[in-house]
Amino acid sequence: MSLATAPSSSADTQIRAVSVELDTVVKEYPGHRALDGVSLDVQSGEFVALLGPSGCGKTTALRAIAGLEGIDGGQIRFDGEDVSRTPTNLRDVGMVFQSYSLFPHLTAQENVEFGLRMRRVPAAERRSRAAEALDMVGLGERGARYAHQLSGGQQQRVALARALVTRPRVLLLDEPLSALDAKVRVQLRDQIRSIQTELGITTLFVTHDQEEALAVADRVAVMRAGNIEQIGTPEELYGQPATAFVADFIGLSNQVPGTVLGGQVELLGTTLALLDPSVPTGPVLASVRPEDVLIGAPGTGSAAIVTGTSFLGSHRRTRVILEDGTELLIQHEAELKTAVGDAVGIRLRGTAVGIRLRGTAVAVRPA
Ligand code: ADP
Ligand code: MG
């Protein structure tokens, strides 16, 4: 082994995070455009989630960034440098997939060492770096185990150690938690986030689970049919969804019939100002969060009857039906008890944020 491949220890332990830019990236499969001009700027050290329904192009986007798929248009840049035609092994990315992808005939330690072996890192250094990576994911004691001796969550942590041990410039995670049960999923998602923060590595995390995306990411890009519909912080997406699709996909929402008049919209007796006052007068459907609907005594607001109620520990969800047949889901404090058949009054919180569903989607804010 030549000395040239031996690392110069201290400089080499640093993660060299890069910015990742997708510039109108197009990917065509026969008869199907999987990426339809996707543009996305991920800052160095940022954690961005790609969120969207099955088939919207999330995996294709990740594989294009990794160089596992060629692209048919646009450009992919790392720190401003075009890598669109750079082979995968020279892009310097680490990947974790949904399915456990450990080699069954290798121990956890050997699995983690694998990428370093490919890079011809000397044996002693390979061993210490792999042990360090296993420590980082909390599996320092489990290096001698084979995949079948590890739980699903532990196998994904080995896969994460294997992705990080080569000190990639970008970490790409494709639904790494989908196969795990709920409790392990939350634990591992928090662990991924804290390791990412500590290393400062630029990370793209693909998921179809909106709660997961909101919980871990600095910013979330909501994808639909090969495009990014909206990108923003979790708070922006939840509070100011740009389109009806985003409003429906992020969090629960009700569709409430209302009327636009003179730049305002009236919903359930509450008047909200339209952000875009040019919306034409007429009937609309607005999307309203369950926590922005208030339950009161009969006679306050619109009359409704309770059709269902569920206790969820810290809060309660109640379903009601209005006289015109509109059904609403309401989230409220657990102390306010409701029972099926109760007559109640329904109002909107004055600070509700709605979004017009028909025609051009327009966010509305309180009048
Ligand atoms: P997601 O990860 O969001 O579920 P994908 O990126 O895997 O979606 O797929 C996007 C679309 O491209 C889907 O309609 C899928 O059927 C199609 N697709 C993915 N891979 C191929 C392929 N190798 N050949 C043809 N179509 C593909
Ligand atoms: Mg996928």
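Please refer to the structure placed before this passage.
Residues numbered from 1 in each chain as written. Chains lettered and ligands numbered in written order. Predicted model: local features only at pLDDT ≥ 70, side-chain atom pairs only at ≥ 80, totals over all residues. Heavy atoms only, no water.

### Quick notes on the nonpolar core
- In this structure, Val-112, Val-158, Leu-160, Val-220 and Val-222 are the most contacted members of the largest nonpolar core, which totals 42 residues.
- It is helix 6 (residues 152-164) that provides the largest number of residues to this core, a total of six residues.
- Non-local contacts of Val-220, meaning those with residues more than four positions away in its chain, are made with Ala-49, Leu-51, Ala-213, Leu-214, Gln-230, Ile-231, Gly-232, Pro-234 and Leu-237.
- In terms of nonpolar packing, the next biggest core, distinct from the first, is built from 29 residues, Val-38, Ala-66, Ile-71 and Val-170 among them. (Core = buried A, V, L, I, M, F, W, Y, C linked by side-chain atoms within 4.5 Å. Buried < 20%, exposed > 50% of the residue type's maximum accessible area, 1.4 Å probe, protein only. Helix = DSSP H or I, 4+ residues; strand = E, 2+ residues; numbered from the N terminus. Contact = heavy atoms within 4.5 Å.)

### Focus on helix 6
- The first and last C-alpha atoms of helix 6 sit 18 Å apart over 13 residues, in line with the 18 Å expected at 1.5 Å per residue.
- The buried count for helix 6 comes to 12 of 13 residues, which makes it a mostly enclosed element.
- Within helix 6, the full set of buried residues consists of Gly-153, Gln-154, Gln-155, Gln-156, Arg-157, Val-158, Ala-159, Leu-160, Ala-161, Arg-162, Ala-163 and Leu-164.
- Turning to helix 6, the residues buried within the fold contact strand 6 (93-96), helix 4 (108-118), helix 5 (123-136), strand 7 (170-174) and helix 7 (182-199). (Expected span 1.5 Å × (residues − 1).)

### Some remarks on helix 2 (residues 58-66)
- Taking burial as the measure, the nine residues of helix 2 include seven buried ones, the bulk of the element.
- Within the sequence span of helix 2, burial applies to Lys-58, Thr-60, Ala-61, Leu-62, Ala-64, Ile-65 and Ala-66.
- A positive backbone phi angle near 85° is found at Gly-67, which sits one or two residues after helix 2.

Just distances and angles here, no functional claims.
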